[in-house]
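What the coordinates show
Below are the chains, spelled out letter by letter.
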Amino acid sequence: MLKMFEYYRGAQVTFPVHLYQRTLVSQSIAKREVMTSDYQTLARYYGYSER
């Protein structure tokens, strides 16, 4: 962190909130475990809200 501070001192630095695209992650999980790409089914499987 100190090296980053020295290099970017005084500049505004932003980092991405999401490192992966949600659609690609859900498709990858669906292929490996649940065998579906339906978002509602994945949400129920992992215990999240279906919205």
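Right, let's walk through the structure included here. Positions within a chain are numbered from 1, following the residues in the order the chain's sequence is written. Reporting in this predicted model follows two pLDDT cut-offs: at least 70 for local features of residues, and 80 or more for side-chain atom pairs to be given and counted; totals over whole chains, interfaces and linings ignore these cut-offs and use all residues. Values shown for side chains rest on all heavy atoms present in the structure; no hydrogens or waters enter the calculation.

Points about the overall build of the protein chain
A run of H or I in DSSP becomes a helix once it reaches four residues, and a run of E becomes a strand once it reaches two; helices and strands are each numbered from the N terminus. In terms of regular secondary structure, the protein chain is built from 3 helices and 0 strands. Listing each helix as α and each strand as β along the protein chain from the N terminus yields α-α-α. For every residue, the accessible area (1.4 Å probe, protein chains only) is compared with the maximum for its type, and the residue is labelled buried under 20%, exposed over 50%, or partly exposed between those bounds. Residues classed as buried in the protein chain amount to 10% of the 51 residues present. For the accessible areas, the method is Shrake-Rupley and the probe is 1.4 Å, while residue cover comes only from the protein chains on display. Summed over all atoms, the accessible surface of the protein chain reaches about 5,200 Å², with 56% contributed by carbon and sulfur.

What to know about a nonpolar patch on the surface
On the surface, a cluster of nonpolar side chains totalling about 750 Å² of accessible area is made up of Met1, Met4, Tyr7, Tyr8, Val13 and Phe15. In this structure, Met4 sits in helix H1 (residues 2-8). Each patch is built from residues lacking any salt bridge and having more than 30% relative accessible area; the joining distance is 9 Å for like charges and 5 Å for nonpolar side chains (Val, Leu, Ile, Met, Phe, Trp, Tyr). The rule for a salt bridge is simple: a side-chain nitrogen of Lys or Arg has to be within 4 Å of a carboxyl oxygen of Asp or Glu.

A few points about the environment of Tyr39
With respect to the helices and strands, the residue Tyr39 is situated in helix H3 (residues 39-46). C-alpha separation for the pair Tyr39 and Ser26, spaced 13 residues apart in sequence, amounts to 7.6 Å. Apart from the residues within four sequence positions on either side, Tyr39 is in contact with Thr23 and Ser26. When checking whether two residues touch, look at their non-hydrogen atoms; a contact exists if any pair is within 4.5 Å.

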